[in-house]
Amino acid sequence: MALVGNKRCKEAAVAIQLWLGVVFAAPLGEAGAELSVADFKFDGPLGSDGAVIEKIGTNHFKMTLGHAPGHPTWANNCQFQIVRNAKGNSLTLDVVFLGGNEFRFNEYFHSWSYDGKNWTPIHWERDSKDSKEGDTLKFPVFEQDTVYCGLQVPMSYEDLVEMVGVWEKNPNVKVYIIGRSVGKRNIYRLEVTDPKSPVPEEKRWVHYFTNQHPGEHNAQWRMVGMLEWLLSDEGADLRRRSICHFLIMTSPDAPSHGWYRTNSEGSDMNRAYRPAGSNRQEQTHEPYLCQVDFEKIMASKAPATSCWSFHTWGGVVDPIFTSGPEIGKIIGPASEFAQILERNDPNDLVKPLSYRKEAKYGSTSWTDGPHMQFGITTILCEGAAVIYTKEKNMESGGVLIKSLAEYWKGTKP
Ligand SMILES: [Zn+2]
C-alpha cells in the first residue's frame, strides 16, 4: 500500500510541476526572452536593502538604491543577482540614489560573475558626481543564465565562512567566534601562529589585522592575501616568532544588505571605537564585541604590538603609519619599513609609506583609538580602488606581510 501511495504522490508532484511549467516557466525561462524585473534578486549573499528596479527598455533597467540603517543620505551598495534567463541578453543598468552624495555609490568599480567566485571588473560609464542624476553600468551579452554583481571585488559572508572552513584545518590556525552579529552571523577572529614554535608566547611579536567598513571588499581580499602568505612556506619563519590575528568581517550582516559602512544599528564601523574602554551602553553590538575581544588580547601575555585597520580609497594600497614604543628603539625607524616595502613591491601595488603624528579620524577610529588607549603602533591601510582583481588585491597583502616580517625582525626583547 505504501508503495502505491508513494507512486501516487510522485505522479501528483509531476503533474503539479508540469502545470507550474506551463503557467510560470515559459515566459521567464524561454531561450532568448529578454530580461524582466522578476529575474532580479536583491536579498542574496550580496544584496541591497530597499533597492527598486523598473524596466525602461529591452534589457535596460533603472535601479533606485535604498539607504543604510539610520542614514537616509548614505546609499546602499549596488548589488544584485540575476537568478535566471541572463544567457543571450545584455544589460544596461541605470542606477540612482535620491538621498545625497555623501558616499557616492559609483565611487568604486564593481564586479560581476557567473559563479560568485571568478569576478570580472565593470566600470561606471560617466563617473557622475550627482547620485540623483545617477550613473550606468553596461554589461556585455551574458553567456550563462545566473549573474552576480557587487561592489569592488565582492566578498559575501558565505565566502568568508567557506574560507574559514579551509583555514581551520591548518594546524597553525585557531578560529575564534568572538560573538554573533545582530543578524546571528559569526564574527570570526583567526589566530595564526606556529603551535610548535620554541619561542615563548610572550616573546612573539603580535599583529592585529581588521577591516571596519564592510563594503570595502578590496581591503578584505588584501587581508586574505596576508593570511595566505602567512600560511605558505614563505610565512614559516614569521609563524614561529609572531602571532597574527585576522578579523576580516566586523559587520558580517552587511554584504547581504548592501551596507557600505555600517552595521544593522547604523554605526559607522570606523567611528565606533571607544578609547576609554569598551562599553555595552555606549557602543552598538558588533563594535562592542570587537573591542571587548581586542581588549582581551591587550590584557593577555601576548598583547598586540601593531593594530592595522584595512580600508579602500583611491589609488593603490596606501599605508599610513603611527609609531608605538618599539619603533626606532627595539626595531628600526619607520623609514626602514618604508624601504623594505618599496623593495618587496616590484609591481607598485603599494604607495610609499606615509606617517602620521596627529589623529585624523579621531579617537573613534580603529587606528587612532587603539593608539590612544594602548599607545601601540597603528597602521591605517587604505587605498586599492585601482586594483581590480582578487588576485592583485591578495598580492598586495603579500607585499605588506612579507615586509612586516622583515621589519619586525627577531622576537620581542
Ligand atoms: Zn573605510
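No experiment lies behind these values; they were computed from the predicted model shown.

How each quantity is defined
- Residues numbered from 1 in each chain as written.
- Predicted model: local features only at pLDDT ≥ 70, side-chain atom pairs only at ≥ 80, totals over all residues.
- Helix = DSSP H or I, 4+ residues; strand = E, 2+ residues; numbered from the N terminus.
- Rg over C-alpha atoms; globule rule 2.2 N^0.38 Å.
- Buried ≥ 20, exposed ≤ 12 C-beta atoms within 10 Å, placed from the backbone.
- Contact = placed C-beta atoms within 7 Å.
- Axes fitted to C-alpha atoms, helices over the stretch in contact; angles between N-to-C directions.
- Parallel < 35°, antiparallel > 145°, perpendicular 65-115°, else oblique.
- Left-handed = near helix turned anticlockwise from the far one by under 90°.
- Nonpolar A, V, L, I, M, F, W, Y, C, P; charged D, E, K, R; others polar.
- Expected span 1.5 Å × (residues − 1).
- Pairing = 2+ DSSP bridges.
- pLDDT = per-residue confidence, 0-100.
- Domains from an automatic or database assignment.
- Core = buried A, V, L, I, M, F, W, Y, C linked by C-beta atoms within 7 Å.
- Arc of directions from axis to C-beta.

Participant: For the overall build of the protein, give the residues involved together with the corresponding values.
Facilitator: Helix and strand counts for the protein come out as 9 helices and 19 strands. Compactness check: the protein gives a C-alpha radius of gyration of 24 Å against a globular reference of 22 Å for 413 residues, within 12% of the reference. For the protein, the spread of C-alpha atoms along the principal axes amounts to about 75 × 60 × 45 Å. A burial count over the protein gives 46% of its 413 residues as buried. In the protein, of all internal contacts separated by at least 6 residues, the share reaching a separation of at least 24 is 75%.

Participant: Describe in detail the packing of helix α3 (residues 217-231) against helix α9 (residues 390-407), supporting the description with residues and values.
Facilitator: Between α3 and α9, whose axes approach to 7 Å, the crossing angle comes to 55°. The orientation of α3 relative to α9 falls into the category oblique. The crossing of α3 and α9 is right-handed. Each of Asn218, Trp221, Arg222, Met223, Val224, Gly225, Met226, Glu228, Trp229 and Leu230 in α3 lies in contact with α9, whose residues at this interface are Lys390, Asn393, Met394, Glu395, Ser396, Gly397, Gly398, Leu400, Ile401 and Lys402. Along the lines of polarity and charge, the residues of the contact of α3 with α9 split into 9 nonpolar, 6 polar and 5 charged.

Participant: Account for α9, naming residues and giving values.
Facilitator: The terminal C-alpha atoms of α9, which comprises 18 residues, lie 26 Å apart, in line with the 26 Å expected from a rise of 1.5 Å per residue. Within α9, 13 of the 18 residues are buried, which leaves the element mostly enclosed by the surrounding structure.

Participant: Run through the sheet that holds strand β2 (residues 52-57), naming residues and quoting values.
Facilitator: With mixed pairing, the 4 strands of this open sheet are ordered in space as β2-β3-β7-β10. Looking along the sheet, the strands with just one partner apiece sit at the ends: β2 and β10 (135-139). For this sheet the average axis-to-axis angle between neighbouring strands, irrespective of direction, equals 25°. Bridge count between strand β7 (residues 91-96) and β10: 5 bridges; the pairing is antiparallel. Of the residues in β10, the one forming a bridge with Asp94 is Thr136.

Participant: An account of the confidence of the model for the protein is needed here, citing residue identities and associated values.
Facilitator: Per-residue pLDDT for the protein averages 93, and the proportion of residues at 70 or more is 92%. Low confidence marks residues 1-29, where pLDDT is under 50. Its contacts with residues over four positions away, or in another chain, come to 9 contacts.

Participant: Outline unusual backbone geometry, listing residues and values.
Facilitator: Here Asn59, not a glycine, exhibits a phi torsion of approximately 50°, which is positive. In this fold, Asn59 is placed in the loop between β2 and β3 (60-64). For Asp348, which is not a glycine, the phi torsion comes out positive at approximately 55°. Following the sequence through the fold, Asp348 ends up in the loop between α7 (334-343) and β18 (354-355). Asp348 gets classed as exposed once you count the C-beta atoms within 10 Å, which come to 11.

Participant: How would you summarise the sheet that holds strand β8 (residues 110-113) if you had to cite specific residues and measurements?
Facilitator: Overall, antiparallel pairing links the 5 strands, which are arranged β1-β6-β11-β8-β9 in an open sheet. Of all strands in the sheet, those bounded by a partner on one side alone are β1 (40-41) and β9 (120-122). Taken together, the 3 bridges between strand β6 (residues 80-82) and strand β11 (residues 147-151) define a ladder with antiparallel strand orientation. Opposite Gln81, over in β11, you have Tyr148 as the bridge partner.

Participant: Just give me the short version of the environment of Thr58, but keep the residues and values in it.
Facilitator: Tracing the chain through its elements places Thr58 in the loop between β2 and β3. Taking the C-alpha atoms as reference, Thr58 lies 36 Å from Gly315; in sequence the two are 257 residues apart.

Participant: Could you give an account of the domain arrangement of the protein, with specific residues and numbers?
Facilitator: Annotation of the protein at the domain level lists domain 1 (37-151) and domain 2 (157-407). With 21 residues of domain 1 in contact, the opposing surface of domain 2 contributes 20 residues.

Participant: Run through the environment of Ser363, naming residues and quoting values.
Facilitator: Along the chain, Ser363 falls in the loop between β18 and α8 (368-374). Through-space distance from the C-alpha of Ser363 to that of Ala272 is 9.0 Å; in sequence the pair is 91 residues apart. Ignoring any residue separated from it by four or fewer positions in sequence, one finds Ser363 in contact with Tyr273, Pro275, Asp368, Gly369 and Met372.

Participant: Can you explain the nonpolar core? Please cite residues and give values.
Facilitator: Judged by nonpolar contacts, the single largest core of 94 residues is most densely connected at Leu65, Phe209, Met223, Met226, Leu227, Leu230 and Phe246. Top contributing element to this core by residue count: α3, with 8 residues. When residues of this core are sorted by domain, at least three fall in each of domain 1 (37-151) and domain 2 (157-407). Other than its neighbours up to four places away in sequence, Leu227 contacts Leu190, Val192 and Phe246.

Participant: So what about helix α2 (residues 157-167)? Which residues, and what values?
Facilitator: The complete set of buried residues in α2 reads Tyr157, Asp159 and Trp167. All buried residues of α2 project into a common sector of 150° when viewed along the axis, lining one side. In α2, the exposed residues that point more than 90 degrees away from the buried face are Glu162, Gly165 and Val166.

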